Amino acid sequence: MATRRIISQEKTILDQPDPNSISSSSPAEKSNITPAVPAAVIFKLLAFTLAMIVVPIGSYFATVNTLFKGNSSYAGGLAAIMANVVLIGYVLVAMAEDQSDRLEEEKKQKQEEKKDR
């Protein structure tokens with residue numbers, strides 16, 4: 001015959017402390033609340049998002065009656081081209097930012113190597 005365990009003294013999974021939680025043994029440590037993405041990157045993203053909305057629609061309504069004399073197909077085509085121009089601009093800015101970060105990192109490494117010598 002099998003015996004039954006007395007489980008009233010054991011802790012359940014819900015009663016055990018969470019291994020991912022901050023332990024109470026080090027209350028002096030401050031949590032890192034810095035944002036994961038720099039503010040400049042967020043502002044660039046918001047600016048290009050606004051441009052992605054305003055530039056194509058603005059170019060459509062600006063040219064439908066003035067440049068293309070009521071031909072909405074040509075004005076719509078220009079709006080699509082302008083949306084692609086904004087998108088390509090965002091990609092170029094993002095690539096330039098990535099390269100500048102990499103160059104700054106390489107400069108710091110070279111300066112540290114010079115200090116070590």
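Residues numbered from 1 in each chain as written. Predicted model: local features only at pLDDT ≥ 70, side-chain atom pairs only at ≥ 80, totals over all residues. Heavy atoms only, no water.

**Thoughts on the packing of aromatic side chains**
Line of reasoning, step 1. For the coordinates displayed, the defined rule picks out three aromatic pairs.
Line of reasoning, step 2. Ring plane angle 55° and centroid distance 5.8 Å describe the contact between F68 and Y74, whose orientation is recorded as tilted.
Line of reasoning, step 3. The class for Y74 is exposed, based on a relative accessible area of 54%. (Phe/Tyr/Trp six-rings, centres within 6.5 Å; stacked < 30°, edge-to-face > 60°. Buried < 20%, exposed > 50% of the residue type's maximum accessible area, 1.4 Å probe, protein only.)

**Quick look at a nonpolar patch on the surface**
Line of reasoning, step 1. Together, L45, M52, L87, I88, Y90, V91, L92 and M95 line one region of the surface with nonpolar side chains, adding up to about 710 Å² of accessible area.
Line of reasoning, step 2. Of all the secondary-structure elements, those providing two or more residues to the nonpolar patch are α1 (39-63) and α2 (72-116).
Line of reasoning, step 3. When residues in the nonpolar patch are grouped by element, the largest group, six residues, is from α2.
Line of reasoning, step 4. Tracing the sequence through the fold places V91 in helix α2.
Line of reasoning, step 5. V91 sits in the partly exposed class, given a relative accessible area of 40%. (Patch = residues over 30% accessible without salt bridge, like charges linked within 9 Å, V, L, I, M, F, W, Y side chains within 5 Å. Areas by Shrake-Rupley, 256 points an atom, 1.4 Å probe, with all protein chains shown as cover. Salt bridge = Lys/Arg side-chain N within 4 Å of Asp/Glu carboxyl O. Helix = DSSP H or I, 4+ residues; strand = E, 2+ residues; numbered from the N terminus.)

**Comments concerning α2**
Line of reasoning, step 1. Between its terminal C-alpha atoms α2 stretches 66 Å, which fits the 66 Å expected from 45 residues at 1.5 Å a residue.
Line of reasoning, step 2. Every buried residue of α2 is listed here: A75, A79, A83 and V86.
Line of reasoning, step 3. Of the surrounding secondary structure, the elements contacted by the buried residues of α2 are α1.
Line of reasoning, step 4. For α2, the capping residue at the N-terminal end is N71, with a side-chain oxygen 3.1 Å from the backbone nitrogen of S73. (Expected span 1.5 Å × (residues − 1). Contact = heavy atoms within 4.5 Å. Polar contact = N/O pair within 3.5 Å; in protein donor to acceptor, adjacent residues only side chain to side chain.)

**Some words on α1**
Line of reasoning, step 1. Between its terminal C-alpha atoms α1 stretches 35 Å, which fits the 36 Å expected from 25 residues at 1.5 Å a residue.
Line of reasoning, step 2. Taking the largest bend as the criterion, α1 deviates by roughly 25°, centred on A51.
Line of reasoning, step 3. Residues of α1 that are buried: P56, S59 and T63.
Line of reasoning, step 4. Looking at the buried side of α1, the elements it contacts are α2. (Bend = angle between axes of the 7 residues up to and from the residue.)

**Some remarks on the UniProt feature "transmembrane region" (unreviewed entry) in the protein**
Line of reasoning, step 1. The feature "transmembrane region" (unreviewed entry), as given by UniProt, occupies residues 41-62 and 74-93 in the numbering adopted here.
Line of reasoning, step 2. Along residues 41-62 one finds 100% helix and 0% strand; the C-alpha atoms at either end are 30 Å apart.
Line of reasoning, step 3. Measuring from the first to the last C-alpha atom of residues 74-93 gives 29 Å, for a span that is 100% helix and 0% strand. (UniProt positions renumbered as here; feature names shortened; annotations may be inferred.)

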